[in-house]
Amino acid sequence: MTFTIPLFRCFCLFFHAVVVFNLVSATELTFELADDDIQCFFEEIDKGEKFSLDYQVITGGNYDVDCSVVDPGENILYEESKKQYDHFSHTAEETGVYKVCFSNEFSTFSHKTVYFDLQTGEEPALIPEMHNRVSALTQMESSSVLIHEILKTISDSQTHYRLREAIDRIRADEIHEHVMYWSIGETVILFVVSISQVVMLKSFFTDKKPLPGLSS
């Protein structure tokens, strides 16, 4: 009996953690944004619900993009121009469909790859009575809360490192491409110069035939 209660308690906390993750709606997307183009995404949010937006340009041009957030009444909640990355959070003042737009209209030839993460809803406490209870948390509850917070931190860190890895890999590919073209150009120039020098040196040691009528 002494082992059954803690295990059951642990199962309840795990089940509640799963429900908590389901209560928080999150949308992560990486998409291509063509030059002189604009793309919008829509999310229905209830009044009083908190939402946050994180975005970052992964590839293209100067790694910048225009971003705006508009509420159901067509009021602009957020608007920034030529940002590489940013964060925006807000509490919905009315229920309806909110619009998030990314614009690359200022660019005429650079395609962009944009990542964004839109989270709606506020995560409730892992243990519902944690803020109101008088007694301290048990060791099992404290461990569960700690693991829950660590898992959230790990998830955010993995997303950040994936983005940084993607940006660094693309930049490395671009540098490799530039180095390859430069090496090909240097090789061509080296062959041309070498052949020109051989032809020039050969002309110095070639016996020239005397012109007719000039011989003694």
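The numbers attached to residues start from 1 for each chain and follow its sequence in the written order. The predicted origin of the model limits local features to residues at a pLDDT of at least 70 and limits the giving and counting of side-chain atom pairs to 80 or more, whereas totals for whole chains, interfaces and linings rest on all residues. By convention in this description, side-chain values take in all heavy atoms of the structure and omit both hydrogens and water.

- The name an unreviewed UniProt entry gives the protein is Transmembrane emp24 domain-containing protein 3-like, with Huso huso as the organism.
- Per its UniProt entry, the protein bears the Sequence similarities (unreviewed entry) comment "Belongs to the EMP24/GP25L family." UniProt positions are given in the numbering used here, feature names are shortened, and annotations may be inferred rather than shown by experiment.

1. A look at the side chain of D66
(1) Moving on: Secondary structure elements are defined from DSSP: runs of H or I of at least 4 residues count as helices, runs of E of at least 2 residues count as strands, and each element is numbered from the N terminus. Examined against the element boundaries, D66 turns out to sit in strand 4 (residues 65-70).
(2) Moving on: The buried label goes to any residue with under 20% of its type's maximum accessible area, the exposed label to any with over 50%, and the partly exposed label to all in between, with areas taken from a 1.4 Å probe on protein chains only. In this tally Asp and Glu are treated as negative and Lys and Arg as positive; neither His nor the chain ends contributes. Any carboxyl oxygen of Asp or Glu that lies within 4 Å of a side-chain nitrogen of Lys or Arg is treated as forming a salt bridge with it. K82 provides the closest opposite charge to the buried, salt-bridge-free D66, at an N-O distance of 7.0 Å.
(3) Moving on: Polar contacts, as used here, are pairs of N or O atoms within 3.5 Å; protein pairs need one atom able to donate a hydrogen and one able to accept it. Residues neighboring in sequence count only if both atoms are side-chain atoms. A distance of 2.7 Å separates a polar atom in the side chain of D66 from the backbone nitrogen of K82.
(4) Moving on: Here D66 is in contact with E80, S81, K82, C101, F102, S103 and F106, once residues within four sequence places are set aside. Contact between two residues is taken to exist if any of their heavy atoms lie within 4.5 Å; hydrogens are not considered.

2. Details of the packing of aromatic side chains
(1) Moving on: Side-chain rings of Phe, Tyr and Trp, where Trp is taken by its six-membered ring, are said to pair if the distance between their centres is within 6.5 Å; with planes under 30 degrees apart they count as stacked, over 60 as edge-to-face, and otherwise as tilted. Summed over the entire model, instances satisfying the criterion amount to 11 aromatic pairs.
(2) Moving on: Ring geometry for F31 versus F102: centroids 5.6 Å apart, planes at 55°, classification tilted. With a gap of 71 residues between them, F31 in strand 1 (residues 25-33) and F102 in strand 7 (residues 96-103) connect regions that are remote in the sequence. Here F31 and F102 have matching classes, each one buried.
(3) Moving on: With 6.1 Å between their ring centres and 75° between their planes, F31 and F116 make a pair best called edge-to-face. Residue F31 is found in strand 1, and its partner F116 is found in strand 8 (residues 112-120); the two are separated by 85 residues along the sequence.
(4) Moving on: Judged by its relative accessible area of 2%, F116 falls in the buried class.
(5) Moving on: A ring has a charge above it when a Lys NZ or an Arg CZ is no more than 6 Å from the ring centre and no more than 35 degrees off the ring normal. When the ring centre of Y63 is taken as origin, the NZ or CZ atom of R171, which lies over that ring, is 4.6 Å away.

3. Looking at the sheet that holds strand 5 (residues 76-83)
(1) Moving on: Pairing between strands requires that DSSP locate at least two bridges from one strand to the other. Within the open sheet, the four strands sit side by side as 2-7-4-5. Their pairing is antiparallel. Strands with a single pairing partner mark the edges of an open sheet, and in this sheet they are strand 2 (38-45) and strand 5. For this sheet, the mean inter-axis angle between neighbouring strands, taken without regard to orientation, is 10°.
(2) Moving on: Across eight bridges, the pairing between strand 2 and strand 7 is antiparallel. Counterpart to C40 in the pairing with strand 7 is C101. For helices, the fitted line uses only the C-alpha atoms of the stretch in contact; every axis is such a line through C-alpha atoms, and the angle between N-to-C directions lies from 0 to 180 degrees.

4. Some words on the UniProt feature "transmembrane region" (unreviewed entry) in the protein
(1) Moving on: The positions that UniProt labels "transmembrane region" (unreviewed entry) are, in the present scheme, residues 179-201.
(2) Moving on: Its end C-alpha atoms 32 Å apart, residues 179-201 is made of 100% helix and 0% strand.

5. Structural notes on the pairing of strand 8
(1) Moving on: Of all nine residues making up strand 8, eight are buried, and the element is well covered by its neighbours.
(2) Moving on: Pairing of strand 3 (residues 50-59) with strand 8, which is carried by eight bridges, proceeds in the antiparallel orientation. Bridging across to strand 8, Y55 finds its partner in F116.

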